[in-house]
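The residues making up each chain are set out below.
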2 protein chains.
Amino acid sequence: MTSVSARITAVETHDIRFPTSRELDGSDAMNPDPDYSAAYVVLRTNAEDGLEGHGFAFTTGRGNDVQVAAIDALAPHLVGRDVDALCADPGSLARHLTGDSQLRWLGPEKGVMHMAVGAVVNAAWDLAAKRAHKPLWRFLADATPEWLVSQVDFRYIADVLTPGDALRLLTAGRNGSDARRERLLARGYPAYTTSPGWLGYSDEKLTRLARRAVADGFTQIKLKVGADLEDDIRRMRTARSAVGPGIRIAIDANQRWNVPEAIEWTKALSEFDPYWIEEPTSPDDILGHATVRANVTPVKVATGEHVQNRVVFKQLLQAGAIDFLQIDATRVGGVNENLAILLLAAKFGVPVCPHAGGVGLCELVQHLSMFDYVALSGTTENRVIEFVDHLHEHFVTPVLIRDGHYQAPAAAGFSAEMHPGTLTAYAYPNGTFWTADRALTPETSS
Amino acid sequence: MTSVSARITAVETHDIRFPTSRELDGSDAMNPDPDYSAAYVVLRTNAEDGLEGHGFAFTTGRGNDVQVAAIDALAPHLVGRDVDALCADPGSLARHLTGDSQLRWLGPEKGVMHMAVGAVVNAAWDLAAKRAHKPLWRFLADATPEWLVSQVDFRYIADVLTPGDALRLLTAGRNGSDARRERLLARGYPAYTTSPGWLGYSDEKLTRLARRAVADGFTQIKLKVGADLEDDIRRMRTARSAVGPGIRIAIDANQRWNVPEAIEWTKALSEFDPYWIEEPTSPDDILGHATVRANVTPVKVATGEHVQNRVVFKQLLQAGAIDFLQIDATRVGGVNENLAILLLAAKFGVPVCPHAGGVGLCELVQHLSMFDYVALSGTTENRVIEFVDHLHEHFVTPVLIRDGHYQAPAAAGFSAEMHPGTLTAYAYPNGTFWTADRALTPETSS
């Protein structure tokens, strides 16, 4: 009798959209009416354990179908793969996908095609962690430094971070990791909240939500800015008077400004003691961020949710352009590239404060910060994970926030899995929610 | 009787692929087997003139369907538009498309979604030039400086290039433009050829094609390098001995190297007097290119075919990272963004040497260089357009090369239109070429 190894048998995709624009949840200076969406993927296998790998790319509505098409284009690289080999070395898959010489032309390593790679690579990590019966943060923290180094693609970053550097950082990160893991399990990882600060909210709602955030144990909140300076001054004054002087208030322009405007606008808000200015200009403008940072002291500069890959993060660090590096779980090429980015940040000693919110970004990114705390940077000092209280109910193992801290996930995997009912209801355009919605709102002919 | 204005009535897309991988045409260190492809778009109107706007994004095969899906996602922004208004102000369309707040999340302004914008914006310019009965280069060169400035999006570049700067450059560019136009019509625009230098070609074929290039009047050829140093040394020696010392030989690594490797490898080839090293490393690595450039003198540095947008070009210029800026006609957001990039290059005094080849890139980009010569930079000194002798037969008005020079197109439009028979034969997967091909090559079961 021959033993038959398990294979990936299917790559199933879903176009999932939520009607968030109706409440102005998520509204900012560049995203007035997002419909938070996920290009969702499930890797199925013929293994007897019945486990699946789940992953997704977050988008804001229109174009989620393009993102799904990009994930579909990767399916031939997945189907038929040996599951044991995949889970033993997800980095091999990541390199194979980013290296496909024809698909590479569509990036390379940026935009729709790269987020598609991130979605399937993250799904592979979800599967690997489930098979190991561990939450992803622990699966990573328990791995050997040597194996973690093998999971990083050093192409285009080796001038700044060599495999030897990475091994030294990860080996040092093991010192005291048991104690940190216990501390994490007891206390959690610090969070800040953006829920009060969406641009579309009234001053009354801002005040109410800001006070509630403080009552809930958060020590940092965030306000969206950049549409109108007078409004921003009023909202910043409102927020500061709601929370008092001891709470950090970050501000976020979502790329609204040119460089000179970013400097002026930030200075105009500085009397209210903003903690950081986030995305002051184009995420591609490394030198622009460096100029902003040099001119807005003591306000700090943060960016990353739209930074396309490790090569741009490398340069933001080389140029001294940022005080806080904001990784995103679904923008880059998955866990492997985020390992590279966490290592770059550790090498430069720049704190990582992840972007989250959207659909499921909190669920995913907490694992990366928790791994970083336990087994790499070894600290939560000046580090906070963004928290937005939206759409968690659609996940099988939603984040748990207690006293302003993310609680360490206990369930095996990457917390990426949505409820089957959500996939049925919010599939676009023919899920039950959307068909019922259209029945209520007859189309007008134009 | 009311006059009814013409509207865009349809956005028709085609997935066109050519089996170029079979001959190793186009093979380089990162693209061993490209199948040159086009995600092709036709804007149809209900105007009585029956004119259409044609455009496309060039890809290398797999993923061309994703690129088509991205163009399809833009159709709702096009259908119903007033044709006169569109042709009077294509910049308004370009800004609208790059600014769509939901689609923007998929970039912003990079990768698949941005190339889709470029394809439809270029199609709009094709239509506008056809309606003006002018080839695009002349349509641009005849426009007023003020109108050209109105076509540029200064967002994220205004710290370096203001509308006032642009107006000054374009106004200065009118001096002597009549004489330059006549000279262009008489002589053409200088070209160099990559046809001899593909990585997959034998030394015998390299020698034969290099000699033919010189006989055909070219004064510069290009060799692909980066896969194996010993091979590159042999091929570079072969090429140099084939063409003699008076012909420029550029080398092109297609992003194969890390920064330190790029420096070492280029130095190892320097005894054969390479003119420029192209794409030595990641197109995203601005600081890396600056380091390479500082270390490989007198070899010059060129890049651009994979540079995603004007923001990255701005920084390459700010950082002194390049000697030659290589625009591409279908990588960025169309003619409007290429106008911004030509203006940035003019501001910094860096020569523009366009990337071409692929499918129809020669046909398109010649218009941009010819406009630049007649009405902006005013010179062809140290400027050459890449030429590759592939696939031109599929175009209604193919490029015409004479004595190493592109001849100025006379036909109205952007030279983007393919023959109807090509669209029928090479539609993937069900065009007549591909169905016949599959009939000849029965699939093997795996």
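Residues numbered from 1 in each chain as written. Chains lettered and ligands numbered in written order. Predicted model: local features only at pLDDT ≥ 70, side-chain atom pairs only at ≥ 80, totals over all residues. Heavy atoms only, no water.

In the annotation of an unreviewed UniProt entry, the entry for chain A reads L-fuconate dehydratase, and the organism field reads Streptomyces griseicoloratus. Per its UniProt entry, chain A bears the Catalytic activity (unreviewed entry) comment "L-fuconate = 2-dehydro-3-deoxy-L-fuconate + H2O". UniProt lists a comment for chain A under the heading Cofactor (unreviewed entry), and it reads "Mg(2+)". (UniProt positions renumbered as here; feature names shortened; annotations may be inferred.)

So, the overall build of chain A
Assigned secondary structure in chain A consists of 17 helices and 12 strands. By the compact-globule yardstick of 22 Å for 446 residues, chain A fits well, its C-alpha radius of gyration being 21 Å. Reported as C-alpha extents along the three principal axes, the dimensions of chain A are approximately 75 × 60 × 45 Å. Every one of the 446 residues in chain A was classed for burial, and the buried ones make up 64%. Of all intrachain contacts in chain A linking residues separated by at least 6 positions in sequence, the fraction that spans at least 24 positions is 75%. Looking at chain A as shown, the accessible area adds up to about 15000 Å², and 51% of this sits on carbon and sulfur atoms. Separation of charge centres in chain A, based on 42 positive and 55 negative side chains, amounts to 4 Å. (Helix = DSSP H or I, 4+ residues; strand = E, 2+ residues; numbered from the N terminus. Rg over C-alpha atoms; globule rule 2.2 N^0.38 Å. Buried < 20%, exposed > 50% of the residue type's maximum accessible area, 1.4 Å probe, protein only. Contact = heavy atoms within 4.5 Å. Areas by Shrake-Rupley, 256 points an atom, 1.4 Å probe, with all protein chains shown as cover. Lys, Arg positive; Asp, Glu negative; His and termini not counted. Charge placed at Lys NZ, Arg CZ, Asp CG, Glu CD.)

What to know about the sheet that holds strand β3 (residues 53–59) of chain A
Residue and element names in this part refer to chain A. With respect to topology, 3 strands assemble into an open sheet ordered β1-β2-β3, the strand pairing being antiparallel. Single-partner strands in this sheet number two, and they are β1 (8–17) and β3. Within this sheet the neighbouring strands show an average axis-to-axis angle of 15 degrees, counted without direction. Sheet contacts for helix α1 (residues 64–78): β1, β2 (37–45) and β3; angle to β1, the most-contacted strand, approximately 175 degrees. (Pairing = 2+ DSSP bridges. Axes fitted to C-alpha atoms, helices over the stretch in contact; angles between N-to-C directions.)

So, the relation of the copies chain A and chain B
Expressed as a screw operation, the relation of chain A to chain B combines 0.0 Å of axial shift with a rotation of 180 degrees, fitting to an RMSD of 0.0 Å. Seen this way, the second copy is the image of the first under a two-fold rotation axis. By C-alpha distance to the rotation axis, the residue of chain A lying nearest is Gly 111 of chain A, at 2.5 Å. Both copies contact each other with a shared surface, as 100% of the interface residues of chain A are interface residues in chain B too. (Least-squares fit on C-alpha atoms with pLDDT ≥ 70 in both.)

A look at the interface of chain A and chain B
Of the residues lining the interface, 61 residues belong to chain A; the matching set on chain B comes to 61 residues. Interface of chain A and chain B: buried area, both sides summed, is about 5100 Å²; carbon and sulfur atoms make up 53% of it. Viewed at the interface, chain B and chain A are joined by 6 salt bridges. A salt bridge links Lys 314 of chain B to Asp 285 of chain A; the nearest nitrogen and oxygen atoms lie 2.5 Å apart. Applying the counting criterion to the chain A and chain B interface returns 39 residue pairs in polar contact (both at pLDDT 80 or more). For the side of chain A that touches chain B, the secondary-structure elements that each account for two or more residues are β3, α1, α4 (111–131), α11 (259–268), α12 (286–295) and α13 (310–318) of chain A. The residue inventory of the side of chain A that touches chain B, partitioned by class, reads 27 nonpolar, 20 polar and 14 charged. (Buried area = accessible area lost by both parts, 1.4 Å probe. Salt bridge = Lys/Arg side-chain N within 4 Å of Asp/Glu carboxyl O. Polar contact = N/O pair within 3.5 Å; in protein donor to acceptor, adjacent residues only side chain to side chain. Nonpolar A, V, L, I, M, F, W, Y, C, P; charged D, E, K, R; others polar.)

Thoughts on helix α15 (residues 361–375) of chain A
The end-to-end C-alpha separation of α15 of chain A is 21 Å, in line with the 21 Å expected for 15 residues at 1.5 Å each. With 15 of its 15 residues buried, α15 of chain A lies for the most part within the structure. (Expected span 1.5 Å × (residues − 1).)

Concerning the side chain of Asn 336 of chain A
You can see Asn 336 of chain A is positioned in helix α14 (residues 335–348). In contact with Asn 336 of chain A, not counting residues within four places along its chain, are Pro 90, Gly 91, Ala 94, Val 121, Trp 125 and Gln 151 of chain A.

Quick word on the pairing of strand β5 (residues 220–224) of chain B
Residues and elements named next belong to chain B. Burial within β5 is extensive, with 5 of its 5 residues counted as buried. In β5, alternate side chains face the same way, and those of Gln 220, Lys 222 and Lys 224 on one face and Ile 221 and Leu 223 on the other are all buried. Where strand β4 (residues 189–197) meets β5, 2 bridges bridge the pair, whose relative direction is parallel. Residue Thr 193 lies in a different strand from β5, and its bridge partner there is Ile 221. Assessed by its sense of winding, the connection that carries the chain from β4 through helix α9 (residues 203–215) to β5 is right-handed. (Right-handed = clockwise from strand over helix to strand, strands pointing away.)

Some details on the UniProt feature "domain: Mandelate racemase/muconate lactonizing enzyme C-terminal" (unreviewed entry) in chain A
Under the present numbering, the feature "domain: Mandelate racemase/muconate lactonizing enzyme C-terminal" (unreviewed entry) in UniProt falls on residues 203–299 of chain A. For residues 203–299 of chain A, helix accounts for 49% and strand for 15%, while the C-alpha atoms at its two ends are 24 Å apart.

Here we look at the packing of aromatic side chains
The relation between two aromatic rings is expressed through the spacing of the ring centres and the mutual angle of the planes. Residue and element names in this part refer to chain A. The full count for this structure, using the stated rule, is 38 aromatic pairs over all chains. Between Phe 56 and Phe 395 the ring centres are 6.0 Å apart and the planes differ by 55 degrees, which places this aromatic pair in the tilted class. Of the two residues, Phe 56 sits in strand β3 while Phe 395 sits in the loop between β10 (385–387) and β11 (401–402), which places them 339 residues apart along the sequence. Judged by its relative accessible area of 0%, Phe 56 falls in the buried class. Between the NZ or CZ atom of Lys 205 and the centre of the ring of Tyr 201, over which it lies, the distance is 4.0 Å. (Phe/Tyr/Trp six-rings, centres within 6.5 Å; stacked < 30°, edge-to-face > 60°. Lys NZ or Arg CZ within 6 Å of the ring centre and 35° of its normal.)

Some remarks on the pairing of strand β2 (residues 37–45) of chain B
Residue and element names in this part refer to chain B. Burial analysis of β2 places 8 of its 9 residues in the buried class, the great majority of the element. Here strand β1 (residues 8–17) pairs with β2 via 9 bridges, running antiparallel. Directly across from Ile 8, in β2, lies its bridge partner Thr 45. Note that β2 and strand β3 (residues 53–59) share 7 bridges and pair antiparallel. Bridge pairing in β3 links Val 42 to His 54.

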